[in-house]
Amino acid sequence: MENSKIKAFIPLLYLVWSDDLLTQKEFTTLREFITSLTLLSSEEQQYLLSKVDISNPPSRNELTQWKLDIERSIKDTSSIKSIFDIATALSDKNLDISSLESDFTKLENDLGVLGEELIQNFKTKGDFLTATTKTTDNFDILKLTEILDGGQAAIIKKVKSVISRPEFAYETSTDINVYRQKVYDWCKILADENLGNMAYPKQYGGGENIADYFAIMETLSYHDLSLVIKFGVQFGLWGMSVQSLGTEKHYAKYLKDIGELKLPGCFAMTETHHGSNVKGLETTATYNHADSTFTIHTPHEKAQKEYIGNAAVHGQMATVFAKLIIDGHDYGVNAFVVPLRDTKGNTLKGVTIGDCGHKMGLNGVDNGTISFDNLIIPKENMLDRFASVNDKGEFESPIPSDNRRFFTMLGTLVGGRIGIPRSALAAAKSGLTIAIRYSDQRRQFGPEGGSEVPILNYRMHQRRLLIPLAKTYAVHFGLQYLTNRFLNRTESEMQDIEALAAGMKSYSTWSTRDILQECREACGGKGYLSENRIDALKNDTEIYTTFEGDNTVLMQLVAKNRLSEFRKSFGEMGSLGIINYVYENAKVAFAEKNPIVTRRTDDDHLLDYQFHLQAFQHRERTILASAAKRIKKLVDSGLEAYDAFNVVQHQMIEVAMAYLERVILEQFQIAIEKTEDSKIKEVLLKLNQLYALSQIEKNKAWYLEDGYMEAVKTKAIRKIVNQLCWDVRPDAVSLVNAFGIPESCLAAPIAV
């Protein structure tokens, strides 16, 4: 190797043997390369060929010596970009090998390797950004926690204190009966702490604070999710259905006992054959004039109430949704308080209860089936806020329209579609906290000669966890907005709020489903161990996409609401309004779809929140208008409206999704504007940029098809998403710690 020409080929030899394997294809490629070099004599060629002999690999000592020779020859690694650069550094100064640069480049391509791979082996440990990046404390974590908790900080603190007690240690028994009893006992403790009755009127023992109730639901979700659902069924669905659909006589009779868990109950809406289609329910409540009673009846097996929480073991009463029948006339679905068991737990005559048994998750909740065989209940058991039967046995309602009355009744229960997405959000926060803390500690691989690197330093791992982290923060502020709108609602905006709640429930629960899967995989085998809790989080939240309304069905509701608003706008516009609409679209085309903007790739533009919001708004408007036009065209061609909606169902999901993404981004931006702490504002801005650009990246095919962006711009966005992940990484652990999840609730050994 003293030959100055031979020395130039040491890097090549080291590269092909550094993985201890030389394939026949690589050997053939190298042989052709070496024999083509006119710069070398035949003896020099033969010598190099002897060093790439498959049957005679170099010794470990020889490989080490080659590496040392290379390291001694490279003075400045920053100037080394390829194998050829290293070869030049090793060759004799009097030897000009510049003519070989293209040959070396071709060889790299033929071998399918990058010179960069070789270069990394000769950088000192201090040269590697990947190896040296680490967690830092750039902002006040407690201040960010205060921002996230907002006005509910006090109740959140109380709940965290309660669920951190020793009696809330997780139940590990695989006996479903033991688990169910433990969850019931936990609910009793919460009731004793006056947490269950938080939303009820003060005169019935409650706290009269629905905002705190939602915060309780979300905070409890850092603990066992069976507890959350049992709590939500008892105090939310059962108690709030009485509060929302009943009147004073029902409040006085039931609410105090419900809030204290003296009267366990159920919410019996879903039937085997009808699921989310409440209008199609077949259970009947027939009015009996002779004794002023109702007969509750299940006409056939498939009309039984199914998947009813609290039913299998603990429920004594239920709010039952049934078709009201008076003198053979169907007055639609109404709600009734129906007894199921006596105080000793014995099932009443006329009631048959089954047990749904072991489920994919939430096995601390006693889901069951309920059917009725001509069960008689008194007239006052009808929850009569929106409909009643008078003393003459006649149907009465303050809302004359059957359709409007039905949706008004269901609208009072929209709170469940706020509690569930907030619970799902908490589960995502738990999963991300476990996965990100672990990824910050878990070391694997690294530069040759250096120590292993935290896996959170790898760009792909950052994409897997930090994009979901940004999305989780975005959803947090989106759900705060939904909650505030619900709390300050007016009757005129209820339809919009119901649609937003349906959409946010879908968006949050789908997001949690995907995030927890990513967290599990990102933790490798450790994520598969039950002790690290991701399995429980995954299994327990799986049903969140289904109950309180199947997500796909709910997204249709959202889309129909957006189409209704679109149609309403057109109806009010008149010809002048339509001209203005066309003019606005033309302005967008001029300002945002001209070649300068569609190709613009500078950081100032791509990171600008105004660009993000405009892009989201444009997508929302365009998809909505497209769906509206398509439905109109189908209907005009003779298709029934029902069939037309079926044809465009896939597009309806996109209408809803574009709307929700815009709302969430907008609310995240508003929250940042309100943030006063400069360091927290800076890190939230990065998260906001990461959420916005990652969503644009996800939808890049649409933006390219629409002409809103060109390929050069979407490529630049992909690059800047990677950079934002890198920029957020030092703050990642602090950002999950800001969730303030009690350590006893995380309870994952890998997250310590």
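The structure displayed is predicted, hence computed values, not measured ones.

Visitor: For this particular structure, what's the right way to read helix α17 (residues 416-441)?
Guide: Because each turn of an α-helix spans 3.6 residues, side chains separated by three or four positions in sequence point in the same direction. Its 26 residues give α17 an end-to-end C-alpha distance of 38 Å, which sits within 8% of 38 Å, the value for a rise of 1.5 Å per residue. Within α17, 23 of the 26 residues are buried, leaving the element largely enclosed by the surrounding structure.

Visitor: What exactly am I supposed to notice about the layout of surface pockets here?
Guide: Which parts of space are left empty comes out when a probe the size of a water molecule is rolled across the atoms. Quantified by volume, the second largest pocket comes out at close to 600 Å³. Around the second largest pocket sit 24 residues that line it, and Glu171, Tyr179, Asp224, Asp535 and Ala536 are the ones nearest its centre. Of all the secondary structure elements, the ones that give two or more residues to the lining of the second largest pocket are α12 (176-192), α14 (225-245) and α21 (534-541). Top element by residues in the lining of the second largest pocket is α21. It accounts for five residues. Taken together, the residues that form the lining of the second largest pocket break down as eight nonpolar, ten polar and six charged.

Visitor: Explain the packing of aromatic side chains to me, please; I cannot follow it from the model alone.
Guide: Think of a pair of aromatic rings as described by two things: how far the centres are apart, and how the planes are tilted against each other in angle. Here the structure, examined in full by the defined rule, presents 17 aromatic pairs. The rings of Tyr213, Phe214, Phe231, Phe235 and Phe486 are connected pair by pair, giving a single aromatic cluster. Its guanidinium or amino end placed over the ring of Phe645, Lys560 lies 5.1 Å from that ring's centre, counting from NZ or CZ. Positioned above the aromatic ring of Trp702 is the side chain of Arg619, whose terminal nitrogen or guanidinium carbon lies 5.5 Å from the ring centre.

Visitor: Quick question: what am I supposed to make of the sheet that holds strand β8 (residues 368-372) here?
Guide: By way of backbone hydrogen bonds, the strands of a sheet pair with one another, either parallel or antiparallel. With antiparallel pairing, three strands are arranged side by side in an open sheet as β4-β8-β7. Unpaired on one side and paired on the other, β4 (305-308) and β7 (351-355) mark the two borders of the sheet. Taken pair by pair, the neighbouring strands of this sheet meet at an average axis angle of 25 degrees, ignoring direction. The sheet contact formed by β4 and β8 spans two bridges and is antiparallel. For Lys305, the partnering residue across the bridge sits in β8 and is Ile370.

Visitor: Honestly, the pattern of salt bridges in this entry has me stumped. Any pointers?
Guide: Between side chains of opposite charge, a pair can form as their charged atoms come close. Applying the stated rule across the entire model yields 29 salt bridges. Of the charged contacts, one joins Lys143 and Asp677 as a salt bridge, the two residues approaching to 3.6 Å between their closest N and O atoms. With Lys143 in helix α10 (residues 141-149) and Asp677 in the loop between α27 (649-674) and α28 (678-698), this residue pair connects regions lying 534 residues apart in the sequence. Taking the relative accessible area as the measure of exposure, Lys143 reaches 42% and is therefore partly exposed. Residue Asp677 is classed as partly exposed on the basis of its relative accessible area, which comes to 23%. Across the salt bridge formed by Lys256 and Glu260, the nearest N and O atoms sit 2.7 Å from each other.

Visitor: What's the story with the packing of α12 against α14 in this structure? I'm lost.
Guide: Helix-helix packing is described using two parameters, namely the angle between the two axes and the distance between the axes. For the pair α12 and α14, interaxial distance at closest approach is 9 Å and the crossing angle is 60 degrees. As summarised for this structure, α12 and α14 are arranged oblique, according to the angle between their axes. Between α12 and α14 lies a crossing whose hand is right-handed. Facing Tyr179, Val183, Tyr184, Trp186, Cys187, Leu190 and Ala191 of α12, the residues of α14 in contact are Ser226, Leu227, Lys230, Phe231 and Phe235. Here the contact of α12 with α14 is built from residues that sort into ten nonpolar, one polar and one charged.

Visitor: What am I meant to see in the nonpolar core here?
Guide: One broad rule of soluble globular proteins: the nonpolar side chains tend to lie buried together. Residues Phe321, Ile436 and Tyr473 are the most contacted members of the largest nonpolar core, which totals 171 residues. Top element by residues in this core is α27. It accounts for 14 residues. Counting residues in hydrophobic clusters, the runner-up holds 30 residues, among them Leu12, Leu40, Ile86 and Phe104.

Visitor: Before we go on, may I ask you to explain helix α11 (residues 153-163) in this structure?
Guide: Every buried residue belonging to α11 is among Ile155, Ile156, Val159, Lys160, Val162 and Ile163, and all of these are buried. Down the axis of α11, the smallest arc covering the buried residues is 160 degrees, so these residues share one side. Turned more than 90 degrees away from the buried face of α11, the exposed residues are Ala154 and Lys157.

Visitor: Just checking my understanding: could you explain unusual backbone geometry for this structure?
Guide: Comment: phi is negative for the bulk of residues other than glycine, and the bulk of peptide bonds are trans. Even without glycine at this site, Glu208 takes up a positive phi of about 50 degrees. Within the secondary structure, Glu208 sits in the loop between α12 and α13 (210-220). Exposure remark for Glu208: the relative accessible area of 52% places this residue in the exposed category.

Visitor: Hey, could you run me through the pairing of strand β1 (residues 265-268) in this one?
Guide: Moving residue by residue along a regular strand, the side chains alternate between the two faces of the sheet. Of the two faces of β1, both are covered, the one formed by Gly265 and Phe267 as well as the one formed by Cys266 and Ala268. Here β1 runs beside strand β5 (residues 317-326); their pairing, made up of four bridges, is parallel. What sits directly across from Cys266, in β5, is Ala318.

About the criteria used
- All residue numbers refer to positions counted from 1 along the written sequence of the respective chain.
- Local features in this predicted model are restricted to residues of pLDDT 70 or higher, and side-chain atom pairs are both shown and tallied only at a pLDDT of 80 or more, whereas totals for entire chains, interfaces and linings draw on every residue.
- As a convention, hydrogens and water are excluded, and side-chain values are obtained from all of the structure's heavy atoms.
- The helix and strand labels rest on DSSP assignments: H or I over at least four residues marks a helix, E over at least two residues marks a strand, and numbering proceeds from the N terminus.
- Multiply 1.5 Å by the residue count of a helix minus one, and that product is the helix's expected span.
- Burial classes follow relative accessibility: with a 1.4 Å probe on protein chains only, a residue under 20% of its type's maximum area counts as buried, one over 50% as exposed, and anything between as partly exposed.
- Computed over the protein atoms alone on a 1 Å grid, cavities are sets of points where a 1.4 Å probe fits but cannot get out and pockets are open sets with protein on both sides within 12 Å along at least five of seven lines; a residue lines them when it has an atom within 4 Å of a point.
- Grid points are joined across faces, edges and corners, and a volume is the space filled by probe spheres set on the points.
- When residues are grouped by polarity, Ala, Val, Leu, Ile, Met, Phe, Trp, Tyr, Cys and Pro land in nonpolar, Asp, Glu, Lys and Arg in charged, and all others, Gly among them, in polar.
- Only the six-membered ring of Trp is used, alongside the rings of Phe and Tyr, when aromatic pairs are assigned; centres must lie within 6.5 Å, and planes under 30 degrees apart are stacked while those over 60 apart are edge-to-face, with the rest tilted.
- Charges are assigned to positions over rings by a cutoff of 6 Å between ring centre and Lys NZ or Arg CZ, combined with an angular limit of 35 degrees from the ring normal.
- In this scheme, strands are said to pair when DSSP sees at least two bridges between them.
- Under this scheme, a helix contributes an axis fitted over its contacting stretch, all axes are lines through C-alpha atoms, and angles between N-to-C directions fall in the 0 to 180 degree range.
- We count a salt bridge whenever a side-chain nitrogen from Lys or Arg sits within 4 Å of a carboxyl oxygen from Asp or Glu.
- Put simply, angles under 35 degrees are roughly parallel, angles over 145 are roughly antiparallel, angles from 65 to 115 are roughly perpendicular, and the rest are oblique.
- In this scheme, a crossing is called left-handed if the near helix is turned counterclockwise away from the far one by less than a right angle; it is called right-handed if the turn is clockwise.
- The contact definition used throughout considers only heavy atoms, calling two residues in contact when any of these lie within 4.5 Å.
- Take the buried Ala, Val, Leu, Ile, Met, Phe, Trp, Tyr and Cys residues and link them wherever side-chain atoms come within 4.5 Å; each set so joined is a nonpolar core.
- Regarding the arc, it is the one traced by the directions from the helix axis to the C-beta atoms.

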